[in-house]
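Below are the chains, spelled out letter by letter.
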Amino acid sequence: MRPLAILSALADEQAGLLEQLQGAQRVAHAGREFWCGQLDGLPVVLALSRIGKVAAATTSAALIERFGVAQILFTGVAGGVGEGVQVGDVVVGSSYVQHDLDASPLFPRYQIPLTGQTALAADDAVLETLVAACHSGLQGLQHAGRAPVVHQGLVVSGDRFVNGAAETRGILDALHLHGHAPLAVEMEGAAVAQVCFDYGLPFAAVRTISDRADASAHVDFAVFVQDVARVYAQRIVSAFIQRVFQRLQLSQPRR
Ligand code: ADE
């Protein structure tokens, strides 16, 4: 069976998964560390995306070319920019746009040149499994006295950490003008989506909301990743893997 790639944005998030990895084998490639093994019996490759679109694209291409992964699941944190998307919630990206991509007037704003694509959609089946995994995996958890809400919608990515109300307003106003209403902003998802699009591989991602992309974003971020994002990522990935197994059993006739 070709392995599932689990791409984490941050080492803190990956740490919990690494502790659970059975038969762990470290492979150094492209200046990165990849961990091959099994999680709950499912073959996986764990990797860190690193930060920013190019770094995440390199990691994704290596996962596909060198490790032959069947699909990529991404877990990370993001700034909440949609109405009602609060710190401690999760956003499952149903589509991805690069908010800093602008090759106009050669191509329409936000369009990926020479592909005709602007918003890249996550794989339907993986998305459905991931949303279900978020609901079951996060059951019973609370952040700041509130159960995490699972949102689903547009996630936008760009090569900057967005940490100011005016900066956020500028990004949102331009996106709204072109018909895009994002729930969350981060720095890698759309790049991973583009690599998966190029290779025809299923992709889905979930982001725990660490901040509201305002002036206190960097403060909230550091604390949050250590205390919350690690737990959420571990719970969601475990629930996701259980569901992948259920699906495989259903699709495999009993002998
Ligand atoms: N990841 C988490 N919070 C973010 C923010 N405010 N901007 C970009 N990426 C992020």
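The present account deals with the structure reproduced in this document. Within every chain, residues take consecutive numbers counted from 1 along the sequence as written. Whole-chain, interface and lining totals are the exception, using all residues; otherwise, since this is a predicted model, local features are given only for residues with pLDDT of at least 70 and side-chain atom pairs are given and counted only at 80 or more. Side-chain measures were taken over the full set of non-hydrogen atoms in the model, leaving aside hydrogen atoms and water.

### Points about the overall build of the protein chain
Rule in force here: Numbering of helices and strands starts at the N terminus; helices are DSSP runs of H or I of at least 4 residues and strands are runs of E of at least 2. In this description the radius of gyration comes from C-alpha coordinates, and the expected globular size is given by 2.2 Å times residues to the power 0.38. Three labels apply to residues, based on accessible area from a 1.4 Å probe with only protein chains included: buried if under 20% of the type maximum, exposed if over 50%, partly exposed otherwise in between. Here a residue-residue contact requires only that any non-hydrogen atoms of the pair lie within 4.5 Å. Here the accessible surface of atoms and residues is derived via Shrake-Rupley with a 1.4 Å probe, and residues count as covered only by protein chains that are part of the display.
Helix and strand counts for the protein chain stand at six helices and ten strands. Relative to its length of 255 residues, the protein chain is compact, with a C-alpha radius of gyration of 17 Å against a globular reference of 18 Å. Expressed as lengths along the three principal axes of its C-alpha atoms, the size of the protein chain is roughly 55 × 45 × 35 Å. Taken across its 255 residues, the protein chain has 53% of its residues classed as buried. Long-range pairs, those at least 24 residues apart, make up 77% of the contacts in the protein chain between residues at least 6 apart in sequence. Accessible surface for the protein chain amounts to roughly 11,300 Å². Of this, 52% is attributable to carbon and sulfur atoms.

### Quick look at the packing of helix H2 (residues 53-65) against helix H5 (residues 189-199)
As a reminder of what qualifies: Angles run from 0 to 180 degrees between N-to-C directions of axes, and those axes are lines fitted to C-alpha atoms, restricted for helices to the stretch in contact. Definitions for this section: a left-handed crossing has its near helix turned counterclockwise from the far helix by less than a right angle. A right-handed crossing has that turn clockwise.
Where H2 contacts H5, the axes come no closer than 8 Å and their chain directions differ by 35°. Crossing of H2 against H5: the hand is right-handed. Residues Lys53, Ala56, Ala57, Ser60, Ala61, Ile64 and Glu65 of H2 pack against Ala191, Val192, Val195 and Tyr199 of H5.

### Some remarks on unusual backbone geometry
With omega at 5°, the peptide bond leading from serine 104 into proline 105 counts as cis. The topology assignment puts proline 105 in the loop between strand E6 (90-98) and strand E7 (120-121). Look at aspartate 40: it is not a glycine, yet its phi comes out positive at around 50°. Looking at the secondary structure, you find aspartate 40 in the loop between strand E3 (32-39) and strand E4 (42-48). The residue arginine 50 is not glycine, and still its phi comes out positive at about 70°. Relative to the elements of secondary structure, arginine 50 occurs in the loop between E4 and H2.

### Regarding the site of the ligand
Where we set the bar: Put simply, a residue is near a molecule or strand once any heavy atom of it comes within 4 Å of that molecule or strand. Whenever a nitrogen or oxygen atom comes within 3.5 Å of another N or O atom, the pair is scored as a polar contact, on the condition that within protein one atom can donate a hydrogen and the other can accept it, and that pairs from neighbouring residues in sequence are kept only if both atoms are in side chains. Note on residue classes: Ala, Val, Leu, Ile, Met, Phe, Trp, Tyr, Cys and Pro are nonpolar, Asp, Glu, Lys and Arg are charged, and everything else, Gly too, is polar.
Close to the ligand lie 13 residues, the nearest being Gly79, Phe161, Val162, Glu186 and Asp211. In the environment of the ligand, a nitrogen atom lies 3.3 Å from a nitrogen or oxygen atom belonging to the backbone of glycine 79. Interatomic distance of 2.6 Å between a side-chain N/O atom of aspartate 211 and a nitrogen atom of the ligand. With the chains in place, 97% of the 260 Å² that the ligand exposes on its own is no longer accessible. Sorting elements by how many residues they give to the shell around the ligand places strand E5 (residues 71-80) first, with three residues. Residue composition of the shell around the ligand, grouped by class: eight nonpolar, two polar and three charged.

### Describing the packing of aromatic side chains
Basically, it comes down to this: Two rings from Phe, Tyr or Trp (for Trp, the six-membered ring) form a pair when their centres are within 6.5 Å of each other. A pair whose planes differ by under 30 degrees is stacked, one over 60 is edge-to-face, and the rest are tilted. Each ring is checked for a lysine NZ or an arginine CZ that lies within 6 Å of its centre and within 35 degrees of its normal; such an atom marks a charge sitting over the ring.
Scanning all chains against the criterion turns up two aromatic pairs. Of note, arginine 66 hangs over the ring of phenylalanine 67, and the distance from its end group to the ring centre comes to 5.6 Å.

### Remarks on the nonpolar core
For clarity, the cut-off: Definition of nonpolar core: a set of buried residues of the types Ala, Val, Leu, Ile, Met, Phe, Trp, Tyr and Cys, connected through side-chain atoms within 4.5 Å.
Among the nonpolar cores identified, the biggest contains 72 residues, and Ile6, Leu39, Leu63, Val69, Ile72 and Phe203 are the most heavily contacted of them. The contact partners of valine 69, leaving out residues within four places of it in the chain, are Arg2, Pro3, Ala5, Val45, Leu63, Ile64 and Leu201.

### Let's talk about H5
For H5, the complete set of buried residues consists of Gly189, Ala190, Ala191, Val192, Ala193, Val195 and Cys196. Looking one or two places after H5, you find glycine 200, whose phi comes out positive at around 70°.

### Topic: the pairing of E6
In summary, the side chains of a regular strand alternate between the two faces of the sheet. Keep this limit in mind: Only strands joined by at least two bridges in the DSSP assignment are considered to pair.
Burial analysis of E6 places eight of its nine residues in the buried class, which makes it a mostly covered element. As paired strands, E6 and strand E10 (residues 203-211) are joined by three bridges and run antiparallel to one another. Residue pairing in the sheet places valine 90 in a bridge with threonine 208 of E10.

### A word on the pairing of strand E8 (residues 150-157)
Condition: Whether a crossover is right-handed depends on one test, that the path from the first strand over the helix to the second runs clockwise when the strands point away from the viewer.
Of all eight residues in E8, seven are buried, a share of seventy percent or more. Direction of pairing for E6 relative to E8: parallel, over a ladder of eight bridges. In the strand pairing of E8, valine 92 is matched with glutamine 152. Bridging between E8 and strand E9 (residues 184-186) involves three bridges; their strand directions are parallel. For valine 155, the partnering residue across the bridge sits in E9 and is alanine 184. Between E8 and its parallel partner E9, the chain crosses via helix H4 (residues 165-177), and the hand of that crossover is right-handed.

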